[in-house]
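# Chain and residue survey
Next come the chains, spelled out residue by residue.
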Amino acid sequence: MASNPLRRALIAQVRKTFNDQERGETPVVRRDDGLFGPQSVCWRVHGDVVTMMVGGVSALLLQMLHPAVLAGVWDHSAFRHDMLGRLRRTARFIAVTGYDSLEAAEAAIEKVREVHTRVRGTLPDGTPYAADDPRLLAWVHVTEAISFLDAWIRYAEPDMSAADQDRYFAEFAIIADRLGADPVPRTRAEGEKLIAQMRGELVADARSREVARLVLDQPAPSMAVAPVQRMIFAAAVDLLPAWAREMHGLKAPRVSRPAVRLGTRGFAETMRWAFRENT
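Read on for a plain summary of the structure. (Residues numbered from 1 in each chain as written. Predicted model: local features only at pLDDT ≥ 70, side-chain atom pairs only at ≥ 80, totals over all residues. Heavy atoms only, no water.)

## Concerning the overall build of the protein chain
A tally of regular secondary structure across the protein chain gives 13 helices and two strands. Burial analysis of the protein chain (279 residues in total) assigns 48% to the buried set. At a minimum sequence separation of 6, the contacts of the protein chain that also span at least 24 residues come to 74%. Surface accessibility of the protein chain: about 13,700 Å² in total, with carbon and sulfur atoms responsible for 55%. (Helix = DSSP H or I, 4+ residues; strand = E, 2+ residues; numbered from the N terminus. Buried < 20%, exposed > 50% of the residue type's maximum accessible area, 1.4 Å probe, protein only. Contact = heavy atoms within 4.5 Å. Areas by Shrake-Rupley, 256 points an atom, 1.4 Å probe, with all protein chains shown as cover.)

Below is the structure:
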């Protein structure tokens, strides 16, 4: 157990942020009998708190550029009024499918599949959409895969080998396959190719910019957390491809970029220090 007061405080804040205590949620305990295992690249990448926060916010901003993905969230969720809840649910899904038992992972995937069957509607231009559309699921998956991985490389493992990056895509593809996504990239090159292919379907409009504003301007859980949250969000914007920042109307933090990257790297190292003693 963590004996240092700073360690205890950091761990407590993370658990409070990512576990809905009102619903009785507790941290997911790592088990060897899940979809992956201790030797997997997914365990390495998905177990880092700060890089997953940076990558998660960046992925969300990318996802919302697809009008059908945006419509599904806009029309069928409390996203605009419960940003923290949305982020918590995504983080918990990643944790359960990555670290819990095979039975728990399969139950979580089935629950998401069932929810997707009920998310249907029509875009403003009259085009129908469905959340269980394999191509939309592929877009959500690939944006998460590339964002989680790039945040990990930038702030944890800058010398990560190309082979391990491909292993990550191949492992993470297991979840995408079970959710019904298609096509599912199994290498980094395939992931980058899919993003390039789908860029023509992306749209920046008033609703996508409103979601970006809601994501980036959401209130911090506490005054103490506010500076860290601002840094994480700045790092997430910095992680976006230049074309995605431009579509959202977001400016790259050119002047502050070195400070953002240095601060985020330092905070990531501090959180790893905190959790090392606790695991």
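More follows now that the structure is in view.
## Things to note about the packing of helix H7 (residues 134-155) against helix H9 (residues 188-198)
Packed helices, taken two at a time, are described by the angle between their axes plus the distance between the axes. Taken N-terminus to C-terminus, the directions of H7 and H9 make an angle of 125 degrees; their axes are 10 Å apart at the nearest point. Our classification of the angle between H7 and H9 gives oblique. Remark: the crossing between H7 and H9 carries left-handed chirality. Here Arg135, Ala138, Trp139, Val142, Ile146, Leu149, Asp150 and Ile153 of H7 lie close against H9, whose contacting residues are Arg188, Gly191, Glu192, Leu194, Ile195, Gln197 and Met198. A class-by-class count of the residues in the contact of H7 with H9 yields nine nonpolar, two polar and four charged. (Axes fitted to C-alpha atoms, helices over the stretch in contact; angles between N-to-C directions. Parallel < 35°, antiparallel > 145°, perpendicular 65-115°, else oblique. Left-handed = near helix turned anticlockwise from the far one by under 90°. Nonpolar A, V, L, I, M, F, W, Y, C, P; charged D, E, K, R; others polar.)

## As for the packing of aromatic side chains
Within this structure, the stated rule accounts for four aromatic pairs. Their ring planes at 40 degrees and their centres at 6.3 Å tell us that Phe148 and Phe172 sit as a pair that is tilted. Remark: Phe172 occurs in helix H8 (residues 162-179) and Phe148 occurs in helix H7; sequence separation between them is 24 residues. By the burial criterion, Phe148 is buried, and Phe172 matches it. Here Tyr168 and Phe169 contribute two aromatic rings whose centre-to-centre distance is 6.1 Å and whose plane-to-plane angle is 85 degrees, an arrangement assigned as edge-to-face. For Tyr168, a relative accessible area of 0% translates into the label buried. Put simply, the rings of Phe148, Tyr168, Phe169 and Phe172 pair up and form one aromatic cluster. Over the ring of Trp43 we find Arg30, and its NZ or CZ is 5.3 Å from the ring centre. (Phe/Tyr/Trp six-rings, centres within 6.5 Å; stacked < 30°, edge-to-face > 60°. Lys NZ or Arg CZ within 6 Å of the ring centre and 35° of its normal.)

## Considering the pattern of salt bridges
Inspection of the entire model under this criterion finds 18 salt bridges. Put simply, Glu114 and Arg118 hold a salt bridge, and the shortest N to O gap is 2.8 Å. A relative accessible area of 37% places Glu114 in the partly exposed class. You can call Arg118 exposed: its relative accessible area is 53%. Asp132 is the partner of Arg120 in a salt bridge, and the nearest nitrogen-oxygen pair spans 3.0 Å. Note that Arg120 is positioned in strand S1 (residues 120-122) and Asp132 in the loop between strand S2 (128-130) and H7, a separation of 12 residues in sequence. Residue class for Arg120 comes out partly exposed when judged on its relative accessible area of 44%. (Salt bridge = Lys/Arg side-chain N within 4 Å of Asp/Glu carboxyl O.)

## Quick word on helix H3 (residues 49-63)
With 15 residues, H3 should reach 21 Å at 1.5 Å per residue; the first-to-last C-alpha distance of 21 Å fits that figure. H3 sits mainly inside the fold: 13 of its 15 residues count as buried. (Expected span 1.5 Å × (residues − 1).)

## Remarks on the environment of Arg213
Position of Arg213 relative to the elements: it lies in helix H10 (residues 206-216). Measuring from C-alpha to C-alpha, the distance between Arg213 and Leu61 comes to 9.9 Å, with 152 residues separating the pair along the chain. Side-chain polar atoms of Arg213 contact the side chain of Glu210, separated by 2.8 Å. (Polar contact = N/O pair within 3.5 Å; in protein donor to acceptor, adjacent residues only side chain to side chain.)

## Comments concerning the side chain of Ser101
As for its position among the elements, Ser101 is in the loop between helix H5 (83-99) and helix H6 (102-117). When its relative accessible area of 9% is taken as the criterion, Ser101 is described as buried. Reaching out from Ser101, the side chain makes a polar contact with the backbone nitrogen of Ala104 at a distance of 3.1 Å. Those residues in contact with Ser101 that lie beyond four places of it in its chain are Arg31, Asp33 and Gly34.

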